[in-house]
Amino acid sequence: MTGEELLRSRGLRVTRPRLAVLEVLAAGGHLEVDEITQRVRQRLESVSTQAVYDVLGALSRAGLSRRVEPAGSPARYEARVGDNHHHVVCRGCGEIADVDCAVGSAPCLDPVTAYGFEVDEAEVTYWGLCPNCQLRRAADD
């Protein structure tokens, strides 16, 4: 599906900023707003940071992007949505990688007590050191 078709399928107007942000997210990764803005500006003559925030909000609400917020880090956005995957975050450099669902299908983990909530997703964040930070640590030893 093209970016235009994706936007229309979710009832969103097709705009150049929305198409550019979708294109940036589709390239992969877990990007901060500043990174997304910089890449969008390479595609469009001008776009404000606020416009990028607005687009990301609209895309997230429409289920076309996902906001990831590791503790102590700025929010990041990704295009991988709807599959209940998790993340592993490097304590050294902040790199984030996708990890498929821990057990079975959504929510993949059931709380002992849900306090009346209907749980449909479990957000799990694994923490550790990426391969590059492991090498740096070994070199420092």
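Source: prediction; values computed, not measured.

What counts and what doesn't
Residues numbered from 1 in each chain as written. Predicted model: local features only at pLDDT ≥ 70, side-chain atom pairs only at ≥ 80, totals over all residues. Heavy atoms only, no water. Axes fitted to C-alpha atoms, helices over the stretch in contact; angles between N-to-C directions. Helix = DSSP H or I, 4+ residues; strand = E, 2+ residues; numbered from the N terminus. Parallel < 35°, antiparallel > 145°, perpendicular 65-115°, else oblique. Contact = heavy atoms within 4.5 Å. Nonpolar A, V, L, I, M, F, W, Y, C, P; charged D, E, K, R; others polar. Buried < 20%, exposed > 50% of the residue type's maximum accessible area, 1.4 Å probe, protein only. Polar contact = N/O pair within 3.5 Å; in protein donor to acceptor, adjacent residues only side chain to side chain.

Draft legend 1. Fine view of the packing of helix 3 (residues 33–43) against helix 4 (residues 49–61). The geometry of helix 3 relative to helix 4 is characterised by a closest axis approach of 10 Å and an angle of 110° between their N-to-C directions. By the angle class used here, helix 3 and helix 4 are roughly perpendicular. Taken together, the residues of helix 4 that come into contact with helix 3 (itself represented by Val33, Ile36, Thr37 and Arg41) are Thr49, Val52, Tyr53 and Leu56. Counted by class, the contact of helix 3 with helix 4 contains 5 nonpolar, 2 polar and 1 charged residues.

Draft legend 2. Up close: the side chain of His30. Considering the arrangement of structural elements, one finds His30 in the loop between helix 2 (16–26) and strand 1 (31–32). By relative accessible area, which is 10% here, His30 ends up buried. A distance of 2.7 Å separates a polar atom in the side chain of His30 from a polar atom in the side chain of Asp98. For His30, the residues in contact, after removing those within four places along its chain, are Glu35, Arg76, Tyr77, Glu78, His87, Ile96, Ala97 and Asp98.

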